[in-house]
Amino acid sequence: MISSNNLLVNKSNPFLGTIIIPGDKSISHRSVILGSLADGKLTVSNFLNSEDCLCTVSAMQQLGAQIDIDNTSLSINGMGLTQLKAPKNVIDAGNSGTLIRLLSGVLATQNFDSIITGDSSLKKRPMRRIIEPLSDCGAYISSENYMAPLNIQGNANLKPINYQQKIASAQIKSCLMLTSLFIDGTSYFKENITTRDHTENMLEHFNYKITRSDNCSSIIGRQVLTAKDIVIGSDISSAAFFIVATLITKGSRITLPNININKYRIGIIQVLKKMGANINISNERLESNELIGDLDVSSSKLKAINLDGSIISTLIDEFPILFIACSVASGTSKISGIEELRHKESDRIKSMEEGLKAVGINVSSTNDSIEIEGSEIFGGKVNSFGDHRIAMSFAIAGLVSKKSITITDTKNIRTSFPSFVKIMREQGAEIYEI
Ligand code: S3P
């Protein structure tokens, strides 16, 4: 657990051995929401016990779910689709965009009113993307400038949804899919760019019938979700920090077991391999209707990459750490079509550009692209803007930096990866809380 707000990282020794990565964040949120809506008892193993996912647990408890936590295991007594209770207080989604967007889809279809809000970062993030499609099927959500807090006036009689993707976002799709569970009739979902399908996979895991092809699905509401235990794979978005750490520190070789390798999440592996990375996936298997596998990674000479198009959404959370890989690759990388990064926990194009410049890398950007000239990271002081993934990316950069890197405002690492610093230390990294 990180107590101090700043981190200092020095050049460190190679990474070796096996690293156990905590459970997937997206699936952890969904296991709590859908598990609470299922009929019967279930357990969740390898749950991500982090601040974001704990907000989801308390939100569902406020709505009447019985959930017990023991470290990374949950016992949930599912209450079915019809037993949710009005929350007594405002629901706090903390730093979590996934929680506020997914849960709003549930709250909009209840026979009670609710308010959901979040921390100062979440209150700046766009919610119009869910408010508009929910309103189109009859929901009442009021807010100031389409941002949290969201005042949701429940309407248990919404019209079926006809979702045509405007922004490639699994949060928007999943918000509306959760709404559709409570709607009488068939809702349709069409994506131009297919995004992570953990919601669909978990619905099927709970024997909820949905019809689906690669980019279209339909859901008939008001079926039963049959409770079934869930084992969550480890989070590829967290693994990505140690994959890049291994690739860029000479003489490193690690194994990362049980990583979720859902086909809409493995863009980071595909892109790094194109850059010359030695990454091997073995022992692929299905666990709770999700694909998992073991990764073997060894240090590699990386070359620059040009990226654009539909691959972007398959590594949407991994760009900060990819930019670190680009900073030490040979040649200039150009990555386009990434305007969505401006709407994450921080404006990630701006945060990364400022940080990379501060440690000696040449970078330029437009509204939706970035160019990074690979060279040597010199070191310096970087502001993470309270964004967990920016903080962890620069901590990894510190491992190969000529002089130390100091990162400020890092406490939000606990929102997604509370054991990050501990794992760094176990690997012998010189990382200090200052
Ligand atoms: C998530 C979807 C992505 C991702 C986020 C988690 C999810 O957001 O960035 O960390 O669990 O559905 P968008 O849907 O906004 O791209």
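Residues numbered from 1 in each chain as written. Predicted model: local features only at pLDDT ≥ 70, side-chain atom pairs only at ≥ 80, totals over all residues. Heavy atoms only, no water.

Asks: Is there a simple way to explain the overall build of the chain in this structure?
Replies: A count of helices and strands for the chain gives 12 helices and 24 strands. Against the compact-globule benchmark of 22 Å for 434 residues, the chain has a radius of gyration of 21 Å, which places it among compact chains. Counting only C-alpha atoms and orienting by the principal axes, one finds that the chain spans roughly 60 × 40 × 40 Å. Buried positions account for 60% of the 434 residues belonging to the chain. Here the contacts in the chain between residues at least 6 apart in sequence split such that 74% fall between residues at least 24 apart. Only carbon and sulfur atoms are counted for the fraction: they give 47% of the accessible area of the chain, which is about 16,200 Å². Each charge class in the chain can be summarised by its mean position, and for the 44 positive and 43 negative side chains these summaries are 2 Å apart. (Helix = DSSP H or I, 4+ residues; strand = E, 2+ residues; numbered from the N terminus. Rg over C-alpha atoms; globule rule 2.2 N^0.38 Å. Buried < 20%, exposed > 50% of the residue type's maximum accessible area, 1.4 Å probe, protein only. Contact = heavy atoms within 4.5 Å. Areas by Shrake-Rupley, 256 points an atom, 1.4 Å probe, with all protein chains shown as cover. Lys, Arg positive; Asp, Glu negative; His and termini not counted. Charge placed at Lys NZ, Arg CZ, Asp CG, Glu CD.)

Asks: Explain the nonpolar core to me, please; I cannot follow it from the model alone.
Replies: As a rule of thumb, soluble globular proteins bury nonpolar side chains together. Counting residues in each nonpolar core, the largest one holds 76 residues, and the members touching the most others are Phe 242, Leu 272, Leu 322, Phe 394 and Phe 420. If one sorts the elements of this core by residue count, helix H7 (residues 236-248) sits on top with 10 residues. Not counting residues within four places of it along the chain, the set of residues in contact with Leu 322 comprises Ile 268, Val 271, Leu 272, Met 275, Leu 307, Leu 315 and Ile 335. (Core = buried A, V, L, I, M, F, W, Y, C linked by side-chain atoms within 4.5 Å.)

Asks: Where do I start with the side chain of Ser 288 in this structure?
Replies: Note that Ser 288 resides in the loop between strand E16 (278-287) and strand E17 (290-298). Looking at Ser 288, the relative accessible area reads 16%, which means it is buried. Of the polar contacts made by the side chain of Ser 288, one reaches the backbone nitrogen of Val 231; its length is 2.9 Å. Here Ser 288 is in contact with His 205, Asp 229, Ile 230 and Val 231, once residues within four sequence places are set aside. (Polar contact = N/O pair within 3.5 Å; in protein donor to acceptor, adjacent residues only side chain to side chain.)

Asks: When you look at the site of the ligand in this model, what are you seeing that I'm missing?
Replies: In the neighbourhood of the ligand, the contacting residues comprise Ser 26, Arg 30, Thr 98, Ser 169, Ala 170, Gln 171, Arg 196, Ile 316, Asp 317 and Lys 344. Note that an oxygen atom of the ligand is positioned 2.7 Å from one of the side-chain N or O atoms of Ser 169. Note that an oxygen atom of the ligand is positioned 2.7 Å from one of the side-chain N or O atoms of Lys 344. In isolation the ligand has 380 Å² of accessible area, and contact with the protein removes 95% of it. Looking at the shell around the ligand, the elements with two or more residues in it are helix H1 (25-37) and helix H5 (170-180). Here the shell around the ligand spans two domains, since at least three of its residues come from each of domain 1 (6-23 + 233-433) and domain 2 (25-231). (Near = heavy atom within 4 Å. Domains from an automatic or database assignment.)

Asks: So what exactly am I meant to see when it comes to the sheet that holds strand E1 (residues 7-9) here?
Replies: What holds strands together in a sheet is hydrogen bonding between their backbones, with the strands either parallel or antiparallel. Pairing in this open sheet of 4 strands is mixed, and the strands run E22-E23-E1-E24 from one edge to the other. Either end of the sheet is taken by a strand with one partner, and the two such strands are strand E22 (380-383) and strand E24 (431-433). Adjacent strand axes in the sheet meet at a mean angle of 20 degrees, parallel and antiparallel pairs treated alike. Bridge count between E22 and strand E23 (residues 405-408): 4 bridges; the pairing is parallel. Residue pairing in the sheet places Lys 381 in a bridge with Thr 406 of E23. This element, helix H11 (residues 388-398), spans E1, E22, E23 and E24 of the sheet and lies at about 170 degrees to E23. (Pairing = 2+ DSSP bridges. Axes fitted to C-alpha atoms, helices over the stretch in contact; angles between N-to-C directions.)

Asks: Explanation requested: the packing of aromatic side chains in the structure shown.
Replies: The geometry of an aromatic ring pair comes down to the distance between the two centres and the angle between the two planes. Overall, the coordinates contain 7 aromatic pairs when judged by the stated rule. Ring plane angle 80 degrees and centroid distance 6.0 Å describe the contact between Phe 242 and Phe 417, whose orientation is recorded as edge-to-face. Here the residue Phe 242 occupies a position in helix H7, and Phe 417 occupies one in the loop between E23 and helix H12 (420-426), the gap between them amounting to 175 residues. Like Phe 242, the residue Phe 417 is buried in the burial classification. Three or more aromatic residues link up through ring pairs in this structure, and these residues are Phe 15, Phe 241, Phe 242, Phe 417 and Phe 420. (Phe/Tyr/Trp six-rings, centres within 6.5 Å; stacked < 30°, edge-to-face > 60°.)

Asks: Hey, could you run me through the environment of Glu 290 in this one?
Replies: Checked against the element boundaries, Glu 290 lands in strand E17. Here the alpha-carbon distance between Glu 290 and Ile 232, two residues 58 residues apart in the chain, equals 8.3 Å. Not counting residues up to four positions away in its chain, the partners in contact with Glu 290 are Ile 27, His 198, Asn 201, Asn 260, Asn 262 and Arg 285.

The analysis is restricted to geometry; functional conclusions fall outside its scope.
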